[in-house]
Amino acid sequence: MDSSTTRRGQPCWYKMKNVGMIAINDSFYIESCIYILLKKYLRNKPYYADILDLFHETTFKTIHGQCLDIVTASSDEKQTDLSKFTMGRFTTTVKYKTAYYSFHLPVALALFLAGIGDKESHAVSEKILLEMGHFFQVQDDYLDCYGDPKVTGKLGSDIEDNKCSWLIVKALEKVDSSQKQLLQEHYGKADADSIHIVKSLYSKLNLKQTYVEYEEESYEKLCRIIEEECTSLPKDIFFSFAQKIYKREK
């Protein structure tokens, strides 16, 4: 969908021999299996309907986020439309594309399976986990540019793919007019020279240090939210998740 070549250190499924576009149909097989398994093991449980709703809602939200990500990145113009790269759009994309399925879904499932179905507990969990998902995606964007592919398991491509990444959004907050012109001419271009020019500009803008400061501030904010909001749920679980992703390298 986004033309990536690797995931988790392996070639993307559509890149495998004799797969190609059949990968789309294969994805439908996998999604269908979710509901077959839920029906087989949970159909007589009191939370069965809640879990079905959760999966359907999460799928819809993820589709929404993925679409926003791709639409924002698409461009037929010779120069990139930098006005699309705002923190508001980044935040919305991350919320729906990443945070709901990666963080909120697994914990919400666990709550239902543990017999915790009240709205207040789920609302608190959602607030914490969406914040965590945002934190995670910012890390992902940073690692896309600065991470070691041997460690991250994928080749970074946000610059050439014209993605609304955290780095380009922060860069646009710092650039002067001449630097902005460079981004308009070279961001979203796949040639090595353009990628080098964008990365060099990121270095001049000291985005590595901006990220380090963000990571510390966001981790402290996340821990504060857990401490203040998590009164009816075990805090240790959320602190454990936060610690797992703090200063991650992949």
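Just so you know, the residues in each chain are numbered from 1, in the order the chain's sequence is written. A pLDDT threshold of at least 70 governs which residues receive local features in this predicted model, and a stricter bar of 80 or more applies before side-chain atom pairs are shown or counted, although totals over entire chains, interfaces and linings include all residues. Side-chain descriptors were evaluated using all non-hydrogen atoms of the structure, hydrogens and water having been removed beforehand.

(A) Geometry of the overall build of the protein chain. Put simply, DSSP H or I for four residues or longer makes a helix, DSSP E for two residues or longer makes a strand, and each gets a number counted from the N terminus. Looking only at helices and strands, the protein chain features ten helices and two strands. Each helix (α) and strand (β) of the protein chain, taken in turn from the N terminus, gives the series β-β-α-α-α-α-α-α-α-α-α-α. In this setup the radius of gyration rests on C-alpha atoms only. A globule is expected at 2.2 Å times the number of residues raised to 0.38. For 250 residues, the compact-globule estimate of 2.2 N^0.38 gives 18 Å, and the C-alpha radius of gyration of the protein chain, at 20 Å, lies within 12% of that figure. Referenced to the eigenvectors of the C-alpha coordinate spread, the extents of the protein chain come out at roughly 60 × 50 × 30 Å. Remark: exposure states derive from per-residue accessible area (1.4 Å probe, protein chains only) relative to the maximum for the residue type, with buried under 20%, exposed over 50%, and partly exposed in between. Looking at the protein chain as a whole, 42% of its 250 residues qualify as buried.

(B) View of the packing of aromatic side chains. Two aromatic rings, drawn from Phe, Tyr or Trp (for Trp, its six-membered ring), form a pair once their centres lie within 6.5 Å of each other, and the interplanar angle then sorts them: stacked below 30 degrees, edge-to-face above 60, tilted otherwise. Taken as a whole, this structure holds ten aromatic pairs when the rule is applied. Here the aromatic rings of Phe103 and Phe136 are separated by 5.3 Å at their centres, their planes lie at 65 degrees, and the arrangement is edge-to-face. Within this pair, whereas Phe103 is found in helix α3 (residues 87-113), its partner Phe136 is found in helix α4 (residues 119-146), the two being separated by 33 residues in sequence. Chaining the aromatic ring pairs together yields one cluster made of Phe135, Tyr142, Tyr146, Trp166, Tyr211 and Tyr214. Positioned above the aromatic ring of Tyr100 is the side chain of Lys61, whose terminal nitrogen or guanidinium carbon lies 4.0 Å from the ring centre. Lying over the aromatic face of Phe136, Arg248 brings its terminal NZ or CZ to 3.7 Å of the ring centre. Counted as over-ring charges are cases with an Arg CZ or a Lys NZ within 6 Å of the ring centre that also lie within 35 degrees of the ring normal.

(C) Unusual backbone geometry, seen in detail. With phi around 65 degrees, Asn162 is a residue other than glycine that occupies positive phi space. Topologically, Asn162 is positioned in the loop between α5 (149-152) and α6 (166-174). The phi dihedral of Lys247 is positive, around 55 degrees, even though this residue is not glycine. When you line up the elements, Lys247 lands in the segment after α10 (235-245). Overall, the relative accessible area of 45% leaves Lys247 in the partly exposed class.

(D) Inspection of the nonpolar core at higher detail. Note on terminology: a nonpolar core comprises buried Ala, Val, Leu, Ile, Met, Phe, Trp, Tyr and Cys residues joined through side-chain atoms within 4.5 Å. Formed by 45 residues in total, the largest nonpolar core has its most connected members in Ile128, Met132, Leu183, Tyr202 and Phe238. Sorting the residues of this core by element identifies α3, α4, α6, α8 (192-204), α9 (207-229) and α10 as the ones contributing at least two each. The leading source of residues in this core is α4, at nine residues. What makes two residues a contact is simply this: any of their non-hydrogen atoms within 4.5 Å. Sequence-distant contacts of Phe238, defined by excluding residues within four places in its chain, comprise Val107, Ser125, Ile128, Leu129, Met132, Ile226, Cys230 and Leu233. Counting twelve residues, the second-largest nonpolar core is a separate cluster that includes Tyr47, Leu54, Ala108 and Leu109.

(E) The pattern of salt bridges, seen in detail. Just to be clear on terms, a salt bridge is a Lys or Arg side-chain nitrogen sitting within 4 Å of an Asp or Glu carboxyl oxygen. Taken as a whole, this structure holds ten salt bridges when the rule is applied. Residue Lys163 pairs with Asp69 through a salt bridge whose shortest N-O separation is 3.3 Å. Here Lys163 is found in the loop between α5 and α6, whereas its partner Asp69 is found in helix α2 (residues 48-73), with 94 residues between them in sequence. Each member of the pair, Lys163 together with Asp69, is buried. The partner of Lys127 in a salt bridge is Glu229, with the nearest N and O atoms 2.9 Å apart.

(F) How the structure looks around α3. Remark: the principal bend of α3, roughly 60 degrees, maps to Ala99. In the segment just after α3, Gly115 is the residue with positive phi, at about 85 degrees. The angle between axes fitted to the seven residues ending at a residue and the seven residues starting there is what we call the bend at that residue.

(G) Seen up close, the packing of α9 against α10. Interaxial distance between α9 and α10 falls to 10 Å at its minimum, and their mutual angle equals 170 degrees. Accordingly, the angle class assigned to the pair α9 and α10 is roughly antiparallel. Seen from α9, the contacting residues are Tyr219, Leu222, Cys223, Ile226 and Glu227; seen from α10, they are Lys235, Phe238, Phe239, Ala242 and Gln243. With axes taken as lines fitted to C-alpha atoms, and helix axes fitted only over the stretch in contact, angles between N-to-C directions fall between 0 and 180 degrees. Oblique is the label for any angle not covered by the other classes, which are roughly parallel (under 35 degrees), roughly antiparallel (over 145) and roughly perpendicular (65 to 115).

(H) Looking closely at a nonpolar patch on the surface. Note on patches: the residues involved have over 30% relative accessible area and no salt bridge, like charges join within 9 Å, and the nonpolar side chains Val, Leu, Ile, Met, Phe, Trp and Tyr join within 5 Å. Throughout, the Shrake-Rupley method with a 1.4 Å probe supplies accessible areas, and for residues the shown protein chains are the sole cover considered. Together, Met21, Ile24 and Phe28 give the surface a local cluster of nonpolar side chains, amounting to about 340 Å² of exposed area. Its relative accessible area of 64% is what places Met21 among the exposed residues.

Read these as spatial facts, not as claims about activity.
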